[in-house]
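In case you want the letters, here they are:
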Amino acid sequence: MPAASTAVLREMRWWDIEPVLELEHGLFPEDAWSAGMFWSELAHARGPHATRHYVVAEDPADGRLVGYAGLAVAGDLADVQTIAAARDQWGTGLGARLLTDLLRAASAFECAEVLLEVRVDNTRAQKLYERFGFEPIGFRRGYYQPGNVDALVMRLSDPANSVSCAK
């Protein structure tokens, strides 16, 4: 098993978009986000009316970005927009750290529920979400394009309680 990740989590900023896109295209070649999508999300991540929370994970040894995650909020509902860890970070706990950060943000936004979509063929991610208390509530057929892969929709009630329980 790989050693625990030593990556440092920090707020994602505009200068992180290019290295995040490199990770994004390597991990999700068929349905990667565009630079414009990240710019749009970051435009709503700061200030008194912020409705987004984005973080990156940076390797302290070389400054390389090894993960990222984002959350969108509408009223008392949060939605995990994206979460990813570099392949060499799989099994290090980085995904759990990123998800914990998003759930803390959802709690800070006073959200009662958190939703997410995950590819039906991504059992690694599904197991992580289940560990945090997410439960499947439905499917979105053909959600991931152009591969036409279905998404499993999962929901977590009371994210504040989940953060303290997840291990």
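Our subject in this report is the structure included herewith.

## Quick word on the packing of aromatic side chains
Next, step 1: Inspection of the entire model under this criterion finds six aromatic pairs.
Next, step 2: Their ring planes at 80° and their centres at 5.5 Å tell us that Trp14 and Trp15 sit as a pair that is edge-to-face.
Next, step 3: By relative accessible area, which is 45% here, Trp15 ends up partly exposed.
Next, step 4: What links up through ring pairs into an aromatic cluster is the set Trp14, Trp15 and Trp39.
Next, step 5: Seen from the ring of Tyr144, Arg119 lies directly overhead, with NZ or CZ sitting 5.7 Å from the centre.

## Examining helix α3 (residues 94–108)
At 3.6 residues per turn, the α-helix brings residues three or four places apart onto the same side.
Next, step 1: The end-to-end C-alpha separation of α3 is 21 Å, in line with the 21 Å expected for 15 residues at 1.5 Å each.
Next, step 2: Glu110 occupies a position one or two residues after α3 and carries a positive phi of about 65°.

## Here we look at helix α1 (residues 17–27)
Next, step 1: Inspection of α1 places Ile17, Val20, Leu21, Leu23, Glu24 and Leu27 among the buried residues, and these make up the whole buried set. Taken around the axis of α1, the buried residues stretch over an arc of 165°, which confines them to a single face. Seen from the open side of α1, the exposed residues pointing more than 90 degrees away from its buried face are Glu18 and Glu22.
Next, step 2: On its buried face, α1 is in contact with α2 (35–42), β2 (52–58), β3 (65–74) and β4 (77–85).

## Here we look at the pattern of salt bridges
Next, step 1: All chains considered together, the criterion is met by eleven salt bridges.
Next, step 2: One salt bridge connects Glu11 with Arg46, and the closest N-O pair in it is separated by 2.9 Å. Placement of Glu11 in strand β1 (residues 8–11) and of Arg46 in the loop between α2 and β2 is noted, with a sequence separation of 35 residues between them.
Next, step 3: Note on Glu11: relative accessible area 35%, which makes it partly exposed.
Next, step 4: For Arg64, the salt bridge goes to Asp62, with nearest N and O atoms at 3.9 Å.

The rules behind these values
Residues numbered from 1 in each chain as written. Predicted model: local features only at pLDDT ≥ 70, side-chain atom pairs only at ≥ 80, totals over all residues. Heavy atoms only, no water. Phe/Tyr/Trp six-rings, centres within 6.5 Å; stacked < 30°, edge-to-face > 60°. Buried < 20%, exposed > 50% of the residue type's maximum accessible area, 1.4 Å probe, protein only. Lys NZ or Arg CZ within 6 Å of the ring centre and 35° of its normal. Helix = DSSP H or I, 4+ residues; strand = E, 2+ residues; numbered from the N terminus. Expected span 1.5 Å × (residues − 1). Arc of directions from axis to C-beta. Contact = heavy atoms within 4.5 Å. Salt bridge = Lys/Arg side-chain N within 4 Å of Asp/Glu carboxyl O.

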